[in-house]
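# Summary of the model geometry
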Amino acid sequence: MSSELRALGWGDDFEQAFEAYVAPLSSEERARLTPVRVVGVQRQTFGVRGLHGEEEARLAGASRHAGTLTPAIGDWCVLDRAADGAGRILAVLPRRTTFARALGASEDTRRSQALRQQVIAANVDLVLIVTAPDADFDLERLERYVQAVQQSGARPVLVLNKADLHADTGWWVRQLGTLGPGLEIHVTLAESGQGLEGLRALLTKGVTLALIGSSGVGKSTLTNALLGRAAAPTGEVRASDQQGRHTTTSRTLYLVPGGGC
């Protein structure tokens, strides 16, 4: 198993699923297939990354027309590289974890009864639930986040960002502590790097970490701080109420220098 794939989160379970998929195929067919991970989702195409680096791929024709194959960010897929070099996604390998949202009634009526969830991200190991000590702090909402992450199979980690908003963040940390026994809590100031050592320690080789939270809590700033570069757009704070603006409208999987995704 290559170190390049392991860095992306590849493991024995995905290896076995891939081998089972290609086992019935001829040697010529197998030679065209390779495992890739979805690192970006566009309207008609997918950004994927594997042994050949990052490239663009589309769904195989039959799956695209039937609507039976819907890769999500983080999925491991079987890629068929045609003679012209174009990549076609043939299958999604079984997911280790699945973070999804339930479809509303109006959405569900347009789909089969079997498809009641929209997968937001797959194969995530850790989820940073980011909040801030400000007027938008909502313990009930954070509790729903914790439950959703646990149901996905990933481990939730609580992050109180923008620690400079108050001299003493103790009250907010105690509130976060009521969300469940054993939940890991980090207090950070992403702009200055304060408290990021603990988060970086979570990003070991092959671990996939996601960030969720309300608009303006600093998810993009945290992402950039962990990556060491300005990869995700950030917004200015509104002077009227000191709240951040919603800036990130897509999901992207990044390789973190030193390990992890």
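Keep in mind that what you see is a predicted model, and the values were worked out from it rather than measured. (Residues numbered from 1 in each chain as written. Predicted model: local features only at pLDDT ≥ 70, side-chain atom pairs only at ≥ 80, totals over all residues. Heavy atoms only, no water.)

### Quick word on the side chain of aspartate 75
Rule in force here: For helices the rule is a DSSP run of H or I covering at least 4 residues; for strands it is a run of E covering at least 2, with both sets numbered from the N terminus onward. Counted as a polar contact is a pair of N or O atoms within 3.5 Å, where, for protein atoms, one must be capable of donating a hydrogen and the other of accepting one, and residues adjacent in sequence contribute only when both atoms are in side chains. The contact criterion used is simple: two residues touch if any of their non-hydrogen atoms lie within 4.5 Å.
Note that aspartate 75 resides in the loop between α4 (61–66) and β4 (76–81). Among the polar contacts listed, one links the side chain of aspartate 75 to the side chain of arginine 95, at a separation of 2.7 Å. Ignoring any residue separated from it by four or fewer positions in sequence, one finds aspartate 75 in contact with Val36, Arg37, Val38, Thr70, Val92, Arg95, Ala122 and Asn123.

### Concerning the sheet that holds strand β8 (residues 126–131)
Here is the rule we go by: The pairing criterion for strands is at least two bridges between them, as found by DSSP. The axes used here are C-alpha line fits, helices contributing only the stretch in contact, and every angle between their N-to-C directions lies in the interval 0 to 180 degrees.
Here 4 strands make up an open sheet; going across it, the order is β10-β9-β8-β11 and the pairing parallel. Each having just a single partner strand, β10 (184–187) and β11 (209–213) make up the two edges of the open sheet. Looking at each pair of strands side by side, their axes are set apart by 25° on average, direction ignored. Relative to β10, strand β9 (residues 155–160) runs parallel, the two being bridged by 4 bridges. Of the residues in β10, the one forming a bridge with valine 157 is glutamate 184. Against the sheet, helix α6 (residues 139–152) engages β8, β9 and β11, with an angle of about 175° to β8.

### Quick notes on the environment of serine 215
Inclusion rule: When a residue's accessible area, from a 1.4 Å probe over protein chains only, is under 20% of the maximum for its type it is buried; when over 50% it is exposed; and in between it is partly exposed.
With respect to the element layout, serine 215 can be found in the loop between β11 and α9 (219–227). Taking the relative accessible area as the measure of exposure, serine 215 reaches 33% and is therefore partly exposed.

### Re the packing of aromatic side chains
Quick reminder of the rule: Each Phe, Tyr or Trp ring, with Trp reduced to its six-membered ring, pairs with another whose centre is within 6.5 Å; inter-plane angles below 30 degrees give stacked pairs, above 60 give edge-to-face pairs, and intermediate values give tilted ones.
All chains considered together, the criterion is met by 6 aromatic pairs. Between tryptophan 10 and tryptophan 76, the aromatic rings sit 4.7 Å apart at their centres with planes inclined by 65°, giving edge-to-face as the arrangement. Of this pair, tryptophan 10 sits in the loop between α1 (3–7) and α2 (12–22) while tryptophan 76 sits in strand β4, and the two are 66 residues apart along the sequence. For the ring pair tryptophan 171 and tryptophan 172, a centre distance of 5.3 Å and an interplane angle of 85° mean the geometry is edge-to-face. Look at tryptophan 171 and you get partly exposed, because its relative accessible area is 43%. Tryptophan 172 gets classed as buried once you look at its relative accessible area, which sits at 14%. Linked through ring pairs, Trp10, Phe14, Phe18 and Trp76 together constitute an aromatic cluster.

### Notes on α6
The condition that has to hold: For a helix, the expected span equals 1.5 Å multiplied by the number of residues minus one. Relevant arc is that of directions from the helix axis to the C-beta atoms, nothing else.
If you check α6, its first and last C-alpha atoms are 20 Å apart, about what 14 residues at 1.5 Å a residue would give, namely 20 Å. Buried within α6 we find Arg141, Leu142, Val146, Val149 and Ser152. Taken end-on, α6 shows its buried residues confined to a sector of 145°, consistent with a single buried face. Turned more than 90 degrees away from the buried face of α6 sit Glu140 and Gln151, all of them exposed. Among the residues of α6, the N-terminal cap falls to aspartate 138, whose side-chain oxygen and the backbone nitrogen of glutamate 140 are separated by 3.1 Å.

### Focus: the nonpolar core
How we decide: Remark: nonpolar core denotes a set of buried residues (Ala, Val, Leu, Ile, Met, Phe, Trp, Tyr, Cys) joined through side-chain atoms within 4.5 Å.
If you look at the biggest cluster of nonpolar residues, it comprises 34 residues, and the most contacted ones within it are Leu93 and Ile129. Elements with a contribution of two residues or more to this core: α2, β1 (33–41), β4, β7 (117–122), β8, α6, β9 and α7 (170–177). Ranked by residue count, the leading element in this core is α2, at 4 residues. Excluding residues that lie within four positions of it along the chain, leucine 93 makes contacts with Trp10, Phe14, Ala17, Phe18, Trp76, Cys77 and Val78. Core analysis: the second largest hydrophobic core is formed by 19 residues, Leu128, Val130, Ala190 and Leu199 among them.

### Things to note about the pattern of salt bridges
Once the charged atoms of two side chains with opposite charge are near each other, the side chains can pair. The criterion, for reference: By definition here, a salt bridge exists when the distance from a side-chain nitrogen of Lys or Arg to a carboxyl oxygen of Asp or Glu is within 4 Å.
Throughout the structure, instances matching the rule amount to 10 salt bridges. Of the charged contacts, one joins arginine 96 and aspartate 13 as a salt bridge, the two residues approaching to 2.8 Å between their closest N and O atoms. Of this pair, arginine 96 sits in the loop between β5 (87–92) and β6 (98–102) while aspartate 13 sits in helix α2, placing them 83 residues apart in sequence. Taking the relative accessible area as the measure of exposure, arginine 96 reaches 37% and is therefore partly exposed. A residue is classified by how much of its surface remains accessible, and aspartate 13, at 35% relative accessible area, is partly exposed. A salt bridge links arginine 141 to aspartate 136; the nearest nitrogen and oxygen atoms lie 3.2 Å apart. Classification of aspartate 136 as partly exposed rests on a relative accessible area of 27%. Salt bridges sharing common partners tie together Arg32, Asp80 and Arg88.

Read these as geometric descriptors, not functional statements.
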